[in-house]
Amino acid sequence: METKEQGTTESSILNAAKEIFERKGMAAARMQEIADEAGINKAMLHYYYRSKQLLFEAVFKSAFSMLAPQLNEIINADTSIFEKIRNFSTNYVAFVLKHPYLPNFIIQELNRNPDFVKKLIAEKKFPNISKFKQQVNEKVEEGVIIPIKAEQLFINIISLNIFPFIGAPLLKGFVNVSDDTYKQLMEDRKTEIADFIINSIKIK
């Protein structure tokens, strides 16, 4: 059984790791830096997490466990399709601005460690879009939105939300803006994405 002291130490490690990963990225982060940030020695850090990869996965799971229920609740709420799109974009962008390492980590793990992603998908709190798909189909039949497959609409929503974070270095070069300006552009996307998608599917 975990003691209160063990729980506090592990929490300190995860918070320290989050700070280092956000500041330096997965590749550049060092276990010694994380130990120093957490106020423990490296041996203690390795007692809890044998490798940087395991620690990174723990940080990711901790953050994802906060995001996934929010998105699942939004998708399955008794709200309109348009409200779902707005709430999804607002919550996702706000969350990733606080946890900027997440999108790149997901892509990295999809390519490097598909079994880890399979474990995430299998978890009970992983977003389920069955209700969303049914709602989209109903609104297409009612003539509220244009004929579109629910899967395509959901992929559009996910893609427009995720790519600006994954492709940030490239996009900053294309639009030629500073880090602060780009961050403001990401803030603006909380509404820009939703407006764009809704205007593209809504029957006037």
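The structure this text deals with has already been given above.
These remarks concern the structure in this document. (Residues numbered from 1 in each chain as written. Predicted model: local features only at pLDDT ≥ 70, side-chain atom pairs only at ≥ 80, totals over all residues. Heavy atoms only, no water.)

1. A few points about the overall build of the chain
Our working rule: Secondary structure counts use DSSP, requiring at least four H or I residues in a row for a helix and at least two E residues in a row for a strand, with both numbered from the N terminus. In this scheme, a residue with accessible area under 20% of its type's maximum is buried, one over 50% is exposed, and one in between is partly exposed, where area comes from a 1.4 Å probe on protein chains only. Surface accessibility in these figures is a Shrake-Rupley result with a 1.4 Å probe; residues are shielded only by whichever protein chains are displayed.
Summing up its helical and strand segments, the chain has 11 helices and 0 strands in all. By its C-alpha atoms, the chain is 65 × 45 × 30 Å across when sized along the principal axes. By residue count, 35% of the 204 residues in the chain fall in the buried class. Surface exposure of the chain reaches about 11900 Å², of which carbon and sulfur atoms provide 54%.

2. With respect to the nonpolar core
Convention followed: Nine residue types can take part in a nonpolar core, namely buried Ala, Val, Leu, Ile, Met, Phe, Trp, Tyr and Cys, and a core is a set of them joined through side-chain atoms within 4.5 Å. For this analysis, residues touch if any pair of their heavy atoms sits within 4.5 Å.
With 57 residues, the main nonpolar core has Phe21, Ile34, Leu55, Ile85, Phe88 and Phe132 as its most contacted residues. Considering every element that reaches this core, the biggest residue donor is helix H4 (residues 52-76), with 12 residues. With residues up to four places along the chain from it excluded, the contact list for Phe88 reads Leu71, Ile74, Ile75, Phe154, Ile157, Ile158 and Asn161.

3. Considerations on the environment of Arg86
By the element assignment, Arg86 lies in helix H5 (residues 81-98). With a relative accessible area of 34%, Arg86 lands in the partly exposed category. It is 20 Å that separates the C-alpha atoms of Arg86 and Gly143, two residues lying 57 residues apart in sequence. When neighbours within four sequence positions are excluded, Arg86 is seen to be in contact with Lys190, Thr191, Ala194, Asp195 and Ile198.

4. Observations concerning the side chain of Ser89
Here Ser89 lies in helix H5. Among residues more than four places away in sequence, those in contact with Ser89 are Asn161, Lys190, Ile193 and Ala194.

5. Considerations on the packing of helix H9 (residues 150-166) against helix H10 (residues 168-175)
Under the convention used in this document: Axes here mean lines fitted to C-alpha atoms, for a helix over just the part in contact, with angles spanning 0 to 180 degrees between N-to-C directions. Orientation categories follow fixed angle ranges, with anything under 35 degrees roughly parallel, anything over 145 roughly antiparallel, 65 to 115 roughly perpendicular, and all other angles oblique. Three classes are used, and their members are as follows: Ala, Val, Leu, Ile, Met, Phe, Trp, Tyr, Cys and Pro are nonpolar, Asp, Glu, Lys and Arg are charged, and the others, Gly among them, are polar.
Remark: H9 packs on H10, axes separated minimally by 5 Å, with the N-to-C direction vectors making an angle of 85°. Taken as axis vectors, H9 and H10 run roughly perpendicular relative to one another. Along its contact with H9, which presents Phe163, Pro164, Phe165 and Ile166, the element H10 presents Ala168, Pro169 and Leu171. Broken down by class, the residue content of the contact of H9 with H10 amounts to 7 nonpolar, no polar and no charged.

6. Focus: the packing of aromatic side chains
Our working rule: Between the rings of Phe, Tyr and Trp (Trp by its six-membered ring), a pair exists once the centres lie within 6.5 Å; its type follows the angle of the planes, with under 30 degrees stacked, over 60 edge-to-face, and the other angles tilted. Two limits define a charge over a ring: the Lys NZ or Arg CZ must be within 6 Å of the ring centre, and within 35 degrees of the ring normal.
Following the criterion strictly, the structure yields 6 aromatic pairs and no others. Chaining the aromatic ring pairs together yields one cluster made of Phe88, Tyr92, Phe132, Phe154 and Phe165. Taking NZ or CZ as reference, Lys202 lies 5.5 Å from the ring centre of Phe82, over its face.

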